[in-house]
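Observations on the model geometry
So you can see what is in the structure, the chains are spelled out below.
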Amino acid sequence: MKLLTPIRSEKVWGYEDWIASTHKDGSQKDFIELVKDYPLLVKIIQANDTLSVQVHPDDKTAVELEGEGSRGKTECWYILDCKKGAKLIAGLKDGCTKEQISAAIKNGTVSGLMNSVEVKKGDFIFIPAGTVHAIGGGIRLMEVQQSCNITYRLYDWGRPRELHIEKGVKSIKLEADTKNCFSDGKPFSLSPIAPLAQNFECPYFSLIKKNFSGGYSFLASKNEGYELLFVVNAEKLKATRTDSDGQKVLFETLQAEQIFAVSPGEKVTLEGKAKIIRIKAK
């Protein structure tokens, strides 16, 4: 079990901490030494202002637009904290066409086509590749995504940054397209925004949320590669490992928003009071 060191990137709207990454645009040396190329990227996003309205391609479209070896980007968000009344954009209104979207981007009325939803601490949002989205100001969240840094900005609220309208519109998945969203042909759906249930699964990753007071033990699968352990919050939380030599203290104190890489076959025991999320790549 290894604590990973975040990489911070300042943005016009706030900042990102890449807390588990082997991506070339922000790779952690300590993580690469363990896994070389991890298929997921985990971030903490602090949005002091609203991010651009954007979309990410799926696997097939990423290769078509950016070349062989490119991954798409399906992601999800877990709200760590937010101001009262904070909102985000997730998806477009029913019946929208790509022609309408293109026209609305050009005349500055695209916000009228988007679904804006109020969120609260603890909410979970699934954003399949091809979903138009934006994180609103006053939100802090943890993002789990495919290891991809392709973002197509459609609208940026008047900020003078480059837009990627042609590629972005091509990447958008509308209701009629959803049967082809995932590389394995499985359909996606934008589930209602709600607190994260105990388990979540999609074709690229799975999440297991645990709340406990006292202790919690788990055995990482020997056959599924490294998994990640994210600490949402903690009180006097300690981590130990059990192996053939007995029990060994790994970390005397775990803190909120730390993330750890857990070795295949490693048995970890957490003692204290905490909320954690286990993240597994598929």
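Residues numbered from 1 in each chain as written. Predicted model: local features only at pLDDT ≥ 70, side-chain atom pairs only at ≥ 80, totals over all residues. Heavy atoms only, no water.

Points about the packing of aromatic side chains
- Within the structure shown, the criterion is met by eight aromatic pairs.
- For the pair Tyr-155 and Trp-157, a centre-to-centre distance of 5.1 Å together with 70° between the ring planes defines the contact as edge-to-face.
- Its relative accessible area of 35% is what places Trp-157 among the partly exposed residues.
- Considering the side-chain rings of Phe-200 and Phe-205, the 6.3 Å spacing of their centres and the 40° angle between planes classify their relative orientation as tilted. Just as Phe-200 is buried, Phe-205 falls in that class too.
- Taken together, the ring pairs in this structure connect Phe-124, Phe-126, Phe-200 and Phe-205 into an aromatic cluster.
- When the ring centre of Tyr-15 is taken as reference, the NZ or CZ atom of Arg-8 above it lies at 3.8 Å. (Phe/Tyr/Trp six-rings, centres within 6.5 Å; stacked < 30°, edge-to-face > 60°. Buried < 20%, exposed > 50% of the residue type's maximum accessible area, 1.4 Å probe, protein only. Lys NZ or Arg CZ within 6 Å of the ring centre and 35° of its normal.)

Some remarks on the pairing of strand β16 (residues 227-243)
- Here β16 pairs with strand β18 (residues 259-262) via four bridges, running antiparallel. Across the sheet, residue Phe-230 finds its bridge partner in β18, namely Ile-259.
- As judged from the 11 bridges shared by β16 and strand β19 (residues 267-281), these two strands associate in the antiparallel manner. Following the sheet pairing, Thr-240 is matched in β19 by Thr-269.
- With six bridges joining them, β16 and strand β17 (residues 246-254) adopt antiparallel strand pairing. Looking at β17, one finds that Arg-241 is bridged to Lys-248.
- Counting the residues between successive antiparallel strands, the hairpin from β16 to β17 contains two residues. (Pairing = 2+ DSSP bridges. Helix = DSSP H or I, 4+ residues; strand = E, 2+ residues; numbered from the N terminus.)

Considering the sheet that holds strand β11 (residues 139-146)
- One open sheet holds the seven strands; their spatial order is β2-β3-β4-β11-β6-β9-β13, and the pairing between them is antiparallel. Strands with a single pairing partner mark the edges of an open sheet, and in this sheet they are β2 (7-11) and β13 (194-195).
- As defined by bridge partners, strand β3 (residues 14-20) adjoins strand β4 (residues 40-47) across six bridges and the pair is classed as antiparallel. In the strand pairing of β4, Glu-16 is matched with Ile-45.

A word on helix α2 (residues 59-66)
- Among all positions in α2, only Asp-59, Thr-61 and Ala-62 are buried. Take α2 and look down its axis: the buried residues cluster within an arc of 160°, on one side only. Facing away from the buried side of α2, by more than 90 degrees, are the exposed residues Lys-60 and Glu-64.
- Residues of α2 that are buried in the fold lie against β11 and α4 (165-171). (Arc of directions from axis to C-beta. Contact = heavy atoms within 4.5 Å.)

A short note on the pairing of β11
- When you tally the buried positions in β11, you get eight out of eight residues, the bulk of the element.
- Sheet topology note: the β4/β11 ladder contains eight bridges and is antiparallel. Within β11, the position partnered with Ala-47 by the bridge is Ile-139.
- As paired elements, strand β6 (residues 75-82) and β11 share seven bridges and run antiparallel to each other. In the sheet register, Trp-77 faces β11, and the bridge partner there is Glu-143.

Details of the nonpolar core
- Residues Leu-228 and Ile-279 are the most contacted members of the largest nonpolar core, which totals 31 residues.
- If near-sequence neighbours (up to four positions away) are discounted, Leu-228 is found in contact with Leu-4, Ala-20, Phe-31, Tyr-38, Val-42, Ile-259, Phe-260, Ala-261, Ile-277, Arg-278 and Ile-279. (Core = buried A, V, L, I, M, F, W, Y, C linked by side-chain atoms within 4.5 Å.)

Concerning the environment of Gly-67
- With respect to the element layout, Gly-67 can be found in the loop between α2 and β6.
- Gly-67 sits 27 residues away from Leu-40 along the chain, and the two C-alpha atoms are 19 Å apart.

Quick notes on the confidence of the model for the protein
- Here the protein averages 93 in pLDDT, while 94% of its residues score no lower than 70.
- Here residues 178-184 is a poorly scored stretch, pLDDT under 50, and it has 23 contacts once near neighbours within four places are set aside; other chains count. (pLDDT = per-residue confidence, 0-100.)

Some points on helix α3 (residues 98-107)
- Regarding α3, the residues found buried are Ile-101, Ser-102, Ala-104 and Ile-105. Down the axis of α3, the buried set is contained in an arc of 165°. They therefore lie on one face. Away from its buried face, by an angle of more than 90 degrees, α3 presents the exposed residues Glu-99, Lys-106 and Asn-107.
- Where α3 ends, the next residue or the one after it, Gly-108, has phi of about 75°, a positive value.

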